[in-house]
Amino acid sequence: MTSIATPFVSSTNPADGDGLSPAAFREALLAKGAYYHVHHPYQIDMTEGRATPEQIRGWVANRFYYQINIPQKDAALLANCPDAATRRRWIQRLLDHDGHDADGGGIEAWLTLGEAVGLSRDELWSQEHVLPGVRFAVDAYVNFVRRADWREAAISSLTELFAPVAHQSRLDTWPDHYPWIDEAGYGYFRKRLKEARRDVEHGLEVALAVCTTAAAQQRALEILQFKLDILWSMLDAMTLAYQLERPPYHTVTNQRVFHKGL
């Protein structure tokens, strides 16, 4: 199996062999949705109303670490991208999360979600709830993008193919299951419905343009699986901490002694 650390596989080398047609390759990418974290038991429990307030808050607090790293990830991609036209389009992702003009941005919207479930802004910014497993997974994603060819970094974002389903599911089910959550908290999910669909169009353009050989397409599918592994692993860490009541160091202390970043 090709290592995630290897360089981008050129789609212009005839020795690589013919790849799938663009339509078939797109379907292969979409098929990876079977492994999207919406299918994780933790996510299913939240969708079906079985999550406790502590489990909802744990998810919101830990996903906040992911949210605040997304602009840094996108900035790293921009730093590695020599194409001005791509940079002009991709920079919108930073603005979507960091905010601009009258738009507070996705991070601000997530802070509002935190308040809606009973977390303070200081709690979220302190990262005191961020589990080591979540931190390691998110950091692995950001570090991959920093080192990768910008085209590979763009392909790693294609989990957005499946994100609108997750956002819509929360909007459809959470208000009934969790009436204690303030309605103001759902702004993030509404905001991302439109943004994620727009971002997917660009990410797919890149993938379909550069992955025309079998080797390049297999590499892209492996990168997408890597990102799916990250999202799934984050929920595994939350399952241990908030469902099985086995947070890090639970056998030696009931304090959150795990590091907050180095």
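In the nomenclature of an unreviewed UniProt entry, the chain is known as Pyrroloquinoline-quinone synthase of Candidatus Halomonas stercoripullorum. Quoted straight from UniProt, the Catalytic activity (unreviewed entry) entry for the chain says "6-(2-amino-2-carboxyethyl)-7,8-dioxo-1,2,3,4,7,8-hexahydroquinoline-2,4-dicarboxylate + 3 O2 = pyrroloquinoline quinone + 2 H2O2 + 2 H2O + H(+)". Quoted straight from UniProt, the Function (unreviewed entry) entry for the chain says "Ring cyclization and eight-electron oxidation of 3a-(2-amino-2-carboxyethyl)-4,5-dioxo-4,5,6,7,8,9-hexahydroquinoline-7,9-dicarboxylic-acid to PQQ."

Caption draft 1: Main features of the packing of helix α3 (residues 53-80) against helix α4 (residues 84-98). Running from N to C, α3 and α4 point in directions that differ by 160°, and their axes come no closer than 9 Å. Judged by the angle between their axes, α3 and α4 are roughly antiparallel. Considering the relative orientation of α3 and α4, their crossing is left-handed. Residues Gln-67, Ile-70, Pro-71, Asp-74, Ala-75, Leu-77 and Leu-78 of α3 touch α4, and the partners they reach there are Arg-87, Trp-90, Ile-91, Arg-93, Leu-94, His-97 and Asp-98. Taken together, the residues of the contact of α3 with α4 sort by class into 8 nonpolar, 2 polar and 4 charged.

Caption draft 2: Representation of the environment of Ala-102. Turning to its location among the elements, Ala-102 is positioned in the loop between α4 and α5 (105-116). According to the relative accessible area criterion, Ala-102 is exposed, its value standing at 84%. Through-space distance from the C-alpha of Ala-102 to that of Gly-203 is 26 Å; in sequence the pair is 101 residues apart.

Caption draft 3: The arrangement of a nonpolar patch on the surface in detail. Taken together, the side chains of Tyr-249, Val-252 and Val-257 present a nonpolar region at the surface, about 320 Å² in accessible area. The exposed category is assigned to Val-252, whose relative accessible area is 64%.

Rules behind the numbers
Residues numbered from 1 in each chain as written. Predicted model: local features only at pLDDT ≥ 70, side-chain atom pairs only at ≥ 80, totals over all residues. Heavy atoms only, no water. UniProt positions renumbered as here; feature names shortened; annotations may be inferred. Axes fitted to C-alpha atoms, helices over the stretch in contact; angles between N-to-C directions. Helix = DSSP H or I, 4+ residues; strand = E, 2+ residues; numbered from the N terminus. Parallel < 35°, antiparallel > 145°, perpendicular 65-115°, else oblique. Left-handed = near helix turned anticlockwise from the far one by under 90°. Contact = heavy atoms within 4.5 Å. Nonpolar A, V, L, I, M, F, W, Y, C, P; charged D, E, K, R; others polar. Buried < 20%, exposed > 50% of the residue type's maximum accessible area, 1.4 Å probe, protein only. Patch = residues over 30% accessible without salt bridge, like charges linked within 9 Å, V, L, I, M, F, W, Y side chains within 5 Å. Areas by Shrake-Rupley, 256 points an atom, 1.4 Å probe, with all protein chains shown as cover. Salt bridge = Lys/Arg side-chain N within 4 Å of Asp/Glu carboxyl O.

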